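Architecture and fold: a report
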Amino acid sequence: MMKLHPGWHTGLDGYFMMYLTKWKRAAVLLLFIWIAVTYLVISPLRCDSSSEESIDFQERLKTASLQLELLKQQHSNLISQIKKSSGLNVNLNEIDAAEFHNGGGPSEEYENLRRRIYSNTKEIWYFINHELTKLVNDDVQPEKVQAILDQVADRKRSLLSDQEKLPKLDGYEDWRRSEASEVSDLVQKRLKYLQNPPDCRDARKVICNLNKGCGFGCQLHHIVYCLIFAYATERTLILNSKGWRYNNKGWEYVFHPISDTCTTAYDDKVVPWPGSILTASYDAKVVSLPFIDSVSQKPKFLPLAVPSDLAHRIVRFNGDPSSWWIGQMLKYVLKPRAAMQKAINETIAKMNFKNPIVGVHIRRTDKVGTEAAFHHIDEYMVHVKEYYRTLEMTKHVDKKRVYLATDDANVLQDARNKYKEYEFLGDPSIAKTAATHRRYTPLSLTGLLVDLHMLAMCDYIVCTFSSQVGRVAYEMMQANRPDASDSFHSLDDIYYFGGQNAHDRRALMNHEAAGQEISFQAGDLIGIAGNHWNGFGRGTNKRTNLNGLIPWYKTADHLVLYPFPEYKHLQPDTRQKDL
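Residues numbered from 1 in each chain as written. Predicted model: local features only at pLDDT ≥ 70, side-chain atom pairs only at ≥ 80, totals over all residues. Heavy atoms only, no water.

Okay, the overall build of the protein next. Counting its secondary structure elements, the protein contains 15 helices and 16 strands. Looking at the protein as a whole, 53% of its 579 residues qualify as buried. Here the analysis covers contacts within the protein between residues at least 6 apart in sequence; of these, 73% occur between residues at least 24 apart. For the protein, the accessible surface area stands at approximately 26400 Å², while carbon and sulfur atoms represent 52% of it. (Helix = DSSP H or I, 4+ residues; strand = E, 2+ residues; numbered from the N terminus. Buried < 20%, exposed > 50% of the residue type's maximum accessible area, 1.4 Å probe, protein only. Contact = heavy atoms within 4.5 Å. Areas by Shrake-Rupley, 256 points an atom, 1.4 Å probe, with all protein chains shown as cover.)

Below, the structure written as structure tokens:
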């Protein structure tokens, strides 16, 4: 874990007492969480412990009880930290200085633990729900099993609702918003400088051709890949977009150009990247990029890597730094011109868009049967219902609103007919323009931008991450709020960036294989193929090269850091003014 040398506030004693109070609040809350989850698993089984059904339930839930031990251990860790730093006569030199670094804010350890408890509570539910649903499908007293499922679901919602309050009660909510804004502003300032060099003719450049034969979300991610390459190599990105399939005149006729002052390579020789040893493309003044899919040896700075000089700040306000970083690239390039923005605003004005609201993106047409499976509207609405049930535990919901974005014009009316207790917002004409034979038109692009904008403004989205549009909507959410890492549910894939480097998780504890599982030791890197949403995922242990199922809760995402240029001449670290 990264450590920074702190500066000390003059009111350190008062800050220290506040720190202890916050840790105690978190510890007490986690104690209640652990007690509640323990009761959650045991109580449905104790009424008739001698029956065969009860014994069967106990066997199937034995693994879940092991997961509870993890929550217990996490609670004990918090208690031990309090005991280590409690008392009025404590020596402040004995306290980990990292708790006070960077002018305040929660520590990385606290934020990682808080997010891990939230994630593992969901993993317990995935496991119990999967195991008991199998009993229902086997017609083994389905009513009793369903009653247990309903009770477990309600208690899970209560746990998640309580845990969602933690960042609002720990005293750092304003700090997170401020820090997220500062880091975002810093990234945007660096990109603006990079894209507007003092002397365009002398600047090193990278050429990105927007001629990839794919949809808008895919093309957006192609530009993001090019911009990350430019940022990592300190080159100005030149976007060649004449003949763009959404507008023949080019990107600049729909969006503001990504550079105000440097839009040409002049007559300089353009060297393909990566080229050969003889071409020395890294040293060439102007290089052109291939599509990310065709790069055999990908640079380590490509997603899911994040800049090492910013990572220690990002992880303290955001639970998914990789998507936040990609969202910053989108924030820089997605700036519609006045005419397009006017069309977007007029469409939005016709809708009764209010919070709370859940966004649902349903991709059909060309994706189904090729890149993704068919998902019925009912599958999406399960998670919409779950979101509102959890929300209603803490606040009154006047209307359950859903913004429905789809490329199938029939879905919206079907949803309104079937789920009358919900208010569905959406524009059927947008779905019609998204049909395959009309997709690559300016009108279709306007509709798609409306959908993306609306989905990103929703409190929560339900989508499929096999769809580029679903992932773009999530990345845009990450760009316009401090942390949207818990504000989505994907029906299929975990989050990824097309053409990314390996996505690894690191083992946090030892595990002995059973059945189709693989063994691993704490510290092992496991290459991830996906989460099965039943308490397990599939991956390959990079130490043993064995592939199989892994218990998700025993692992955590491995954040890849890369030493991107720090552009230190642009702006000093503004945090120093508070130290």
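It is worth spelling out the sheet that holds strand β2 (residues 236-240) at this point. Sheet architecture is open: 4 strands sit in the order β2-β1-β4-β3, paired in parallel fashion. Each end of this open sheet is capped by a strand with a single partner; those strands are β2 and β3 (270-272). Strand-to-strand twist across the sheet, computed as the mean angle between neighbouring axes with direction ignored, equals 30 degrees. As paired elements, strand β1 (residues 205-209) and β2 share 5 bridges and run parallel to each other. Bridging across to β2, Lys205 finds its partner in Thr236. (Pairing = 2+ DSSP bridges. Axes fitted to C-alpha atoms, helices over the stretch in contact; angles between N-to-C directions.)

On strand β9 (residues 460-463), burial covers both faces: Tyr460 and Val462 on one face and Ile461 and Cys463 on the other are all buried. Two strands pair when backbone bridges link them, and strand β6 (residues 357-362) and β9 are joined in this way by 3 bridges, in the parallel orientation. Bridging from a neighbouring strand, Val360 pairs with Val462 of β9. Relative to strand β10 (residues 488-490), β9 runs parallel, the two being bridged by 3 bridges. In the sheet register, Cys463 faces β10, and the bridge partner there is Ser490. Following the backbone out of β9, through helix α15 (residues 468-479) and into the adjacent parallel β10, one traces a crossover that is right-handed. (Right-handed = clockwise from strand over helix to strand, strands pointing away.)

Turning to the pattern of salt bridges, a few remarks are in order. In total, this model carries 26 salt bridges according to the counting rule given. One salt bridge connects Asp293 with Lys212, and the closest N-O pair in it is separated by 2.7 Å. One end of the pair, Asp293, is in the loop between β4 (286-288) and β5 (306-307); the other, Lys212, is in the loop between β1 and α7 (216-233), and 81 residues separate them in sequence. One salt bridge connects Arg401 with Asp398, and the closest N-O pair in it is separated by 3.1 Å. Among the charged side chains, a salt-bridge network with shared partners connects Glu111, Arg114, Arg115, Asp170, Glu173, Asp174, Arg176 and Arg177. (Salt bridge = Lys/Arg side-chain N within 4 Å of Asp/Glu carboxyl O.)

Attention shifts here to the nonpolar core. Of all hydrophobic cores here, the largest spans 86 residues; its most connected members are Phe216, Trp244, Trp251, Trp325, Leu334, Tyr403 and Ile461. Element by element, the count of residues in this core is highest for α7, at 12 residues. With residues near it in sequence (within four places) discarded, Trp325 still touches Val187, Ile228, Tyr231, Ala305, Val306, Pro307, Leu310 and Phe564. Grouped together as the second largest cluster of nonpolar side chains are 22 residues, Ile362, Tyr387, Val397 and Val402 included. (Core = buried A, V, L, I, M, F, W, Y, C linked by side-chain atoms within 4.5 Å.)

Quick look at the pairing of strand β11 (residues 504-507) now. Note: β11 against strand β12 (residues 525-531), 3 bridges, orientation antiparallel. Each bridged residue has a counterpart across the sheet, and for Arg506 the counterpart in β12 is Leu525.

All right, on to the state of the cysteines then. Within this structure, the stated rule accounts for 3 disulfides. With its sulfur 2.2 Å from that of its partner, Cys208 forms a disulfide with Cys226. What sets the handedness of the Cys208 and Cys226 disulfide is the S-S torsion sign, and at about 65 degrees it is right-handed. Pair noted here: Cys208 is in strand β1 and Cys226 is in helix α7, with a separation of 18 residues, a long-range link. Here Cys208 falls in the buried class, since its relative accessible area comes to 1%. A sulfur-sulfur distance of 2.1 Å marks the disulfide that ties Cys214 to Cys218. (Disulfide = S-S within 2.5 Å.)

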